[in-house]
Amino acid sequence: MKQIKNKITNKLDRILVSLIPYIVKWQEYLQTKIREYKHQELKRQLKFVGSLVRFKQDIRIDHPQNVSLGNKVYIGTNVLLDGRGGIAIGDNSTIGFNVVILSANHDYQSNALPYEHAVYIHKPVAIGRNVWIGANVLIVPGITIGDGAIVAAGTVVTANIEPLAIVGAQPNRTIKYRDKEHYEKLASKQISQTEVS
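Just so it is clear, the model here is predicted, and its values are computed rather than measured. (Residues numbered from 1 in each chain as written. Predicted model: local features only at pLDDT ≥ 70, side-chain atom pairs only at ≥ 80, totals over all residues. Heavy atoms only, no water.)

Caption draft 1: Highlighting the overall build of the protein chain. From N to C terminus, the protein chain includes two helices and 18 strands. Radius of gyration (C-alpha) of the protein chain: 25 Å, far over the 16 Å computed for a compact globule of 197 residues. Across its three principal directions, the C-alpha atoms of the protein chain cover 85 × 55 × 35 Å. The buried share of the protein chain, reckoned over its 197 residues, is 29%. The contacts in the protein chain between residues at least 6 apart in sequence include a share of 22% that link residues at least 24 apart. For the protein chain, the accessible area works out to roughly 13,300 Å², and carbon and sulfur atoms hold 56% of it. (Helix = DSSP H or I, 4+ residues; strand = E, 2+ residues; numbered from the N terminus. Rg over C-alpha atoms; globule rule 2.2 N^0.38 Å. Buried < 20%, exposed > 50% of the residue type's maximum accessible area, 1.4 Å probe, protein only. Contact = heavy atoms within 4.5 Å. Areas by Shrake-Rupley, 256 points an atom, 1.4 Å probe, with all protein chains shown as cover.)

Caption draft 2: Here's a closer look at the sheet that holds strand β15 (residues 144–145). The five strands are arranged β1-β4-β7-β12-β15 in an open sheet whose pairing can be described as parallel. For this open sheet the edge positions go to β1 (48–49) and β15, each flanked by a neighbour on one side alone. Of the pairings in the sheet, the one linking strand β12 (residues 125–127) to β15 comprises two bridges and is parallel in character. Bridge assignment links Ile-127 to a residue of β15, and that residue is Ile-145. (Pairing = 2+ DSSP bridges.)

Caption draft 3: Molecular detail of the sheet that holds strand β13 (residues 132–133). Sheet architecture is open: six strands sit in the order β2-β5-β8-β13-β16-β18, paired in parallel fashion. A single partner strand is all that each edge strand has here, and the edge strands are β2 (54–55) and β18 (166–167). Sheet topology note: the strand β5 (residues 74–75)/strand β8 (residues 94–95) ladder contains two bridges and is parallel. When the sheet's bridge partners are listed, Ile-75 is paired in β8 with Ile-95.

Caption draft 4: Molecular detail of helix α1 (residues 2–45). Residue Ile-20 marks the point of greatest curvature in α1, where the axis turns by about 40°; the proline Pro-21 follows within four residues. Listed in full, the buried residues belonging to α1 are His-39, Leu-42 and Lys-43. Of the surrounding elements, those touching the buried residues of α1 are β1, β2 and β3 (59–62). (Bend = angle between axes of the 7 residues up to and from the residue.)

Caption draft 5: Representation of the packing of aromatic side chains within the structure. Taken as a whole and assessed by the stated rule, the structure comprises one aromatic pair. If you follow Lys-43 out to its NZ or CZ, it ends over the ring of Phe-55, 5.3 Å from the centre. (Phe/Tyr/Trp six-rings, centres within 6.5 Å; stacked < 30°, edge-to-face > 60°. Lys NZ or Arg CZ within 6 Å of the ring centre and 35° of its normal.)

Caption draft 6: Quick look at the pairing of β3. Of the two faces of β3, only one is covered, namely that formed by Ile-59 and Ile-61; the face formed by Arg-60 and Asp-62 stays uncovered. Pairing of β3 with strand β6 (residues 79–82), which is carried by four bridges, proceeds in the parallel orientation. The residue bridging Ile-61 from the neighbouring strand is Leu-81, located in β6.

Caption draft 7: Seen up close, the pairing of β6. Taken together, the three bridges between β6 and strand β9 (residues 100–102) define a ladder with parallel strand orientation. Considered in β9, the bridge of Leu-80 is made with Val-100.

Below is the structure:
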């Protein structure tokens, strides 16, 4: 009985091994179809979507009802568009992989440390036509990027970019400071609450 079981198991293993390449191809095919379906559903949720808009693999769009994409926009893999404050991307623009575009930020001047989790400041992001945004770029809320501009890979965009400008990563610099009195008031309040607990 054990020999028969072994023969059947070996035969099934050989059949399964011969089928694995076909199973893998079907899995890849199904994954592609599922991704295409998800992309179509996502496009239907957008505020506006032009023709020939392409998404490459995984993309995340939060609050898609506030996001507009012009004609022939290409968005690479692992891109995050946070549409809470509104995002508009013009015709023929290319967004590289791992790009993050934020249109909302926490209010650091709120009455909690480090900030109130449910309080956001919304600032729209506008990206012009024929813009090329390289890989691993972070665009903060409220930014406008002019037509024809190029943003080099790895850049943190913290200021508006003029049309046709080519910008790259800048060294760390202090942008501004928090309100010291407000901060110290909140910090002392937080310390006293911790001591009571």
